[in-house]
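Each chain, written out:
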Amino acid sequence: MKDYFNLQLVMTKRKVKEAGLNPLLSCLLGLILFVAFSEYIFHRTEFAKYLVILVCFSFQFKLSENRRTDFLLSIFGDKAKNKIRVLENLIICIPFVSILLFKNLFLEAVILFTCSITIALFSFRTSLNLTIPTPFSKNPFEFSTGFRKTFFIFPLAYALTTIAINVDNFNLGIFSMLLISLTTLSYYSKPEEEYYVWIYADTTKSFLKKKIINATKNYIMLTIPILIGLLIFYPIKFDLILLFLLFGILFLWTIVLAKYSAFPDEIHLSVGFIIAFILLFPPLILVVIPYFYTKSINKLKFIFNDKN
Amino acid sequence: MIKIKGLCKSYNSNEVLKEINMEFSRGKVSGIVGENGAGKTTLFKCVAGLESYTGEVFSDVQPLKNHLGLLLTDPFFFSKITGKEYIRLLCNARNKKNINIDQKNIFDLPLNQYASTYSTGMKKKLAITAILLQENEYFILDEPFNGVDIQSNIVLTEIILKLKELDKIIIVSSHIFSTLSDTCDEIHLLRKGEQIKSVQKEDFKTLEQEMKEITIGNRIEKLELK
């Protein structure tokens, strides 16, 4: 059992190093971010305690996935498997329980602690094999697979827009638009296998053009219900609505190009900082897009056999 | 025609392909055999342009990669992509639109299910169907018979022979010698990255015998089975 946890530690360190980070430093940074973010949400909303519990559960549910627990069972046997799972869940719940205790939410902390142990003794199927229909089937893959992984976000975003209009909260409407934007950005966060770039009978430029056009078209398709709603009920703020739409599109281009600028590797952390910096200073996007475009061309040249 | 001239491939100081010279003609099926790690897959990736190399690869239709159907040994599928979408993705990539995928589903695959839920054999059949619908000029099939049921293997053999009839270039690797002797016109033997010999159809029996002797050697005696 000790070996198992040692191995987990080694694997985690390896992943952190692959992301270009120092394990010790990133642990410290993660802790600071966790505390800061917790403080922020407790400051912003009265539902923070539920959010803390929910996030903790979401991590624990992932560890309770059927295939994973079956694997542990086959290697360690029933008793040791249960011990490992309880320990894993306890390790995960420590920071969340600590935050609740720090906020004097003793009952919630006890509930989270008890549930963490109980959840560890069960296994769940976390993925549905049911084929979820998608409007992007004709032009796979980023949006068709991404849509299926995040399908619950869209009714939520559209419901938020309806609420925003009903309670006359324009900012909430813009938030629902940003929610779609953030969701679609996640579709481009990981690089695909080289084979799925190699298959294109294109030049590097036409490949990137195709990817960008497709992403833009699909993003607009998902945003249109919100866009129409906001434009009808807030016609006076049409310039602001369109500005957010434009920013969403430009940000999507940035992520698409950032992905291919590092291809076939994952987006490096330094690129992540550049992207975060755009959020603080949006006009920077006009410099970053051509930069990532040029880098992508250079990275993809080999795979497309481009001479120039 | 595809011509490989003096192809070498190294990973740092480890030379995995040494001076490979081969020529593949239209209307011919060529087999590549060799033990695990002999360099077959690396050679295929080099020809496809997925790996860098020294030496040259020529083809009569340029660029080669845009006309090549590449079946990898262990095809990768995205987690939430259906069989039909996978085929569509590969066809779209080659600008082949409006294909009646359902009609061309010769292996009777459940195309509306996620490809990740398919068995190993079904995944391979899906990948084969997709590269066939791309209407390629050249085909590289790395272990196409592996994990596929006997019935589908019969269909696959017939497909390879049909492609040959259509004057395509087909390069196949397989660990099952009989599948190669049924389809190939010539076989190239690789060992530890070196091209040992190239054999024509009439000498396949001798090659099989030679391979058997070299591979088995005295290994069975070493086991001292009782």
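Everything numeric here is computed off the predicted structure, so don't read it as measured data.

Our next topic: the overall build of chain A. Scanning chain A from N- to C-terminus turns up 13 helices and zero strands. Reading the helices (α) and strands (β) of chain A from amino to carboxyl end gives α-α-α-α-α-α-α-α-α-α-α-α-α. In terms of overall dimensions, chain A has a C-alpha envelope of 60 × 55 × 40 Å along the principal axes. Residue pairs in contact within chain A that sit at least 24 positions apart in sequence constitute 74% of those at least 6 positions apart. In chain A, which carries 31 positive and 19 negative side-chain charges, the distance between the mean positions of the two groups comes to 2 Å.

The helix and strand tally for chain B stands at seven helices and nine strands. Here chain B has a C-alpha radius of gyration of 18 Å; the compact-globule value for 226 residues is 17 Å, and the two agree. Seen through its C-alpha atoms, chain B measures out along the principal axes to roughly 55 × 50 × 40 Å. Within the span of chain B, comprising 226 residues, buried residues form 51% of the whole. Summarising the internal contacts of chain B: among those between residues at least 6 apart in sequence, 66% fall at separations of at least 24. Summing over all exposed atoms, chain B offers an accessible surface of approximately 10,800 Å²; the carbon and sulfur share of this is 49%. Side-chain charges of chain B comprise 31 positive and 30 negative groups, with the mean position of each set lying 5 Å from the other.

Another aspect to go through is the packing of helix 3 (residues 48-63) of chain A against helix 4 (residues 66-102) of chain A. All names here are of chain A. Direction vectors running N to C along helix 3 and helix 4 enclose 165°, while the axes themselves pass 9 Å from each other. In terms of their interaxial angle, helix 3 and helix 4 are classed as roughly antiparallel. Along this stretch, helix 3 crosses helix 4, giving a crossing that reads as right-handed. Residues Lys49, Val52, Ile53, Val55, Cys56, Phe59, Gln60, Lys62 and Leu63 of helix 3 pack against Arg68, Thr69, Arg85, Glu88, Asn89, Ile92, Cys93, Phe96, Ile99 and Leu100 of helix 4. Of the residues contributing to the contact of helix 3 with helix 4, the split by class is eleven nonpolar, three polar and five charged.

Basis of the calculations
- Residues numbered from 1 in each chain as written.
- Chains lettered and ligands numbered in written order.
- Predicted model: local features only at pLDDT ≥ 70, side-chain atom pairs only at ≥ 80, totals over all residues.
- Heavy atoms only, no water.
- Helix = DSSP H or I, 4+ residues; strand = E, 2+ residues; numbered from the N terminus.
- Contact = heavy atoms within 4.5 Å.
- Lys, Arg positive; Asp, Glu negative; His and termini not counted.
- Charge placed at Lys NZ, Arg CZ, Asp CG, Glu CD.
- Rg over C-alpha atoms; globule rule 2.2 N^0.38 Å.
- Buried < 20%, exposed > 50% of the residue type's maximum accessible area, 1.4 Å probe, protein only.
- Areas by Shrake-Rupley, 256 points an atom, 1.4 Å probe, with all protein chains shown as cover.
- Axes fitted to C-alpha atoms, helices over the stretch in contact; angles between N-to-C directions.
- Parallel < 35°, antiparallel > 145°, perpendicular 65-115°, else oblique.
- Left-handed = near helix turned anticlockwise from the far one by under 90°.
- Nonpolar A, V, L, I, M, F, W, Y, C, P; charged D, E, K, R; others polar.

Nothing here speaks to function; it is all geometry.
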